[in-house]
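One letter stands for each residue in the lines below.
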Amino acid sequence: VYDFSEFNITSSGLGDISLSTSYLAWRQKDRHLLVSVGINMPTGSIDELGPTPRDPPNDTLLPFTMQLGSGTWDLAPALAYSGRSGKLRWGLHTSATLRLGENDRGYALGDRFSLSGSLSGKARTWVEPFLRLSLQKTGRIDGVDEDLKVPLPNGMLIFPAPVTNPAFFGGEEIELRLGGKFRMGQGALKRLVINAEYGLPLYQSLNGPQPKELGRFDLGWGWRF
């Protein structure tokens, strides 16, 4: 017996892999402009299955937000303008994710655009806290994944829930992020940098009924050359 009055579904695995290159286009004293161009490779699965109310006890295709990748090659350009005054650094950053065609399931996720401003300062030699305010806009999905539909008794196919409807995807969000950049000291680890940040949505205007984001925590590491 399958009771779907309350249920949890998870998906996990490798997502899309991104490669990018940056070029210092302009520099004057403590200010500079960095131009970046990247490509996102469709290495994440878009065929993840799980137990849903659509066809128990069989596993069915999970909705867009639970897939691990976009299924498309994506162009990712960016511009970053930054400067510093004493220990204080500031920056403006804009970026986009542009979908290059449809994936094998007949749709493309919405294009994404972002504009942000940030402030940071060196509190210690090993830590640099920062604050960032960003505006993000994500478009609706272009196309339809027919496997997310279910048939009615009259043979008509419908989307069984808002999360399966491509029209209810994307929207606008203003987010505040707090975090820090941590340098690991001397010796073999002196080039290692750890980034940790927490994002809190201040405003969300979504395209139709869909889950809202309550918060986001990101942890990453980098190696300085």
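Preceding this paragraph is the structure being described.
Small disclaimer: the values here were computed from a predicted structure and weren't measured.

**Q** Just give me the short version of the overall build of the protein chain, but keep the residues and values in it.
**A** The secondary structure content of the protein chain amounts to 0 helices and 15 strands. Along the longest, intermediate and shortest principal axes, the C-alpha atoms of the protein chain span 70 × 35 × 35 Å. Put simply, the protein chain shows about 14,200 Å² of open surface, and 58% of that area lies on carbon and sulfur atoms. Measuring between centres, the 24 positive side-chain charges of the protein chain sit 19 Å from its 23 negative side-chain charges.

**Q** Please give an account of the packing of aromatic side chains that cites residues and values.
**A** This structure, assessed with the given rule, holds 4 aromatic pairs. Ring centres 4.9 Å apart and planes at 75° place the aromatic pair Phe-64 and Tyr-107 in the edge-to-face group. On the criterion of sequence distance, the pair formed by Phe-64 in the loop between β4 (59-61) and β5 (74-85) and Tyr-107 in strand β7 (residues 107-108) is long-range, its members being 43 residues apart. For the pair Phe-64 and Tyr-107, a shared accessibility class is recorded, and that class is buried. Geometrically, the ring pair formed by Tyr-81 and Trp-90 is edge-to-face, given 5.5 Å between the ring centres and 65° between the ring planes.

**Q** Run through the sheet that holds strand β9 (residues 127-138), naming residues and quoting values.
**A** Pairing within the open sheet is antiparallel, and its 9 strands lie in the order β1-β2-β5-β6-β8-β9-β13-β14-β15. Each of the sheet's edge strands pairs with one partner strand only, and the pair in question is β1 (17-28) and β15 (216-223). Neighbour-to-neighbour, the strand axes of this sheet turn through a mean angle of 20°, independent of strand direction. With 11 bridges connecting them, β1 and strand β2 (residues 31-41) associate as antiparallel partners. Residue pairing across strands places Ser-22 opposite Ser-36, the latter belonging to β2.

Reading the values: rules and limits
Residues numbered from 1 in each chain as written. Predicted model: local features only at pLDDT ≥ 70, side-chain atom pairs only at ≥ 80, totals over all residues. Heavy atoms only, no water. Helix = DSSP H or I, 4+ residues; strand = E, 2+ residues; numbered from the N terminus. Areas by Shrake-Rupley, 256 points an atom, 1.4 Å probe, with all protein chains shown as cover. Lys, Arg positive; Asp, Glu negative; His and termini not counted. Charge placed at Lys NZ, Arg CZ, Asp CG, Glu CD. Phe/Tyr/Trp six-rings, centres within 6.5 Å; stacked < 30°, edge-to-face > 60°. Buried < 20%, exposed > 50% of the residue type's maximum accessible area, 1.4 Å probe, protein only. Pairing = 2+ DSSP bridges. Axes fitted to C-alpha atoms, helices over the stretch in contact; angles between N-to-C directions.

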